[in-house]
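Below, each chain spelled out in residue letters.
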Amino acid sequence: MQIDERYFMDNAMQKNSIDDVVASNEKVLWRGKPNAMSYVLANMLKMLPIALIWLIFDGTFIFFLAKGMSSGDVPLGILGFIIPFFLLHLAPVWIWIGKTVKAVREVRNLEYAITDKRIIIRSGMIGIDFKFINYTEIDSVNVKVGFIDRIFRVGDIYINSSVNAGVLWDVEDPYKIGNALQRVTTDIKSDIQYPNALRPDTNPGYQTDYTKNPFDDK
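Described in the following lines is the structure provided in the data block.

Criteria and thresholds
- Residues numbered from 1 in each chain as written.
- Predicted model: local features only at pLDDT ≥ 70, side-chain atom pairs only at ≥ 80, totals over all residues.
- Heavy atoms only, no water.
- Helix = DSSP H or I, 4+ residues; strand = E, 2+ residues; numbered from the N terminus.
- Buried < 20%, exposed > 50% of the residue type's maximum accessible area, 1.4 Å probe, protein only.
- Areas by Shrake-Rupley, 256 points an atom, 1.4 Å probe, with all protein chains shown as cover.
- Core = buried A, V, L, I, M, F, W, Y, C linked by side-chain atoms within 4.5 Å.
- Patch = residues over 30% accessible without salt bridge, like charges linked within 9 Å, V, L, I, M, F, W, Y side chains within 5 Å.
- Salt bridge = Lys/Arg side-chain N within 4 Å of Asp/Glu carboxyl O.

On to the overall build of the protein, then. Of regular secondary structure, the protein possesses seven helices and seven strands. Traced from its N-terminal end to its C-terminal end, the protein shows the element sequence α-α-β-α-α-α-β-β-β-β-α-β-β-α. Within the protein, the fraction of its 218 residues that count as buried is 36%. As displayed, the protein offers around 13800 Å² of accessible surface, 61% of which is attributable to carbon and sulfur atoms.

Dropping the structure here:
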């Protein structure tokens, strides 16, 4: 029996985009990506002060050691101890570099979509991961705009849930998107939990449909 390896390779690559996971009866109300510069810079600044202090302290010590070795005051034999020591002691610097590289790789794959059925978050550093958040799981939607966010005119939308929480990082028009998402969440949760009671007669049951997209400009 001959196995077609291309079948498995092709199917492994099928679910790489949001379009691949959107159902045929699902309407995308909004989709977007994070501002790459804001995302990377925010991650860089998180550990930068600690990394700089560590680097200055160790760099000064290494400088005087090298100076002592060049003048013969410090024996070269201690290099076998000094090199491994500082490679380990500079761990905060390596962690900061690693987090920065990780952010650069992550932001390429980050993408968000809000549909009339759920919220989709595409992510991943090497492979592609998808997180699906159903509207019935959402407890609240909060918007946070930090210092770096203000510079790039973006913000973070926190989707709070005891089941499956998520964050839409560094999106443009965060207040507008956050308010629209809260409205959609309320509409659809009401439609599911209280059909006909809180929904209009033209929308019985879980059939919420928007004649005007709530994410479009007024």
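Judged by nonpolar contacts, the single largest core of 25 residues is most densely connected at Trp30, Ile114, Ile119, Tyr135, Leu168, Leu181 and Phe215. Mapped onto this core, the elements with two or more residues apiece are strand S1 (28-32), helix H3 (36-71), helix H5 (91-109), strand S2 (111-115), strand S3 (118-123), strand S6 (154-160), strand S7 (166-172) and helix H7 (174-193). Considering each element in turn, this core owes the most residues, five residues, to H7. With five residues, the next largest nonpolar core counts Ile18, Val21, Val22 and Ile120 among its residues.

A cluster of nonpolar side chains, contributed by Ile83, Leu87, Trp94, Ile97 and Val101, occupies part of the molecular surface with about 460 Å² of accessible area. Elements represented by at least two residues in the nonpolar patch include exactly helix H4 (79-89) and H5. By residue number, the principal contributor to the nonpolar patch is H5, which donates three residues. The topology assignment puts Val101 in helix H5. The exposure class assigned to Val101 is partly exposed, which follows from its relative accessible area of 46%.

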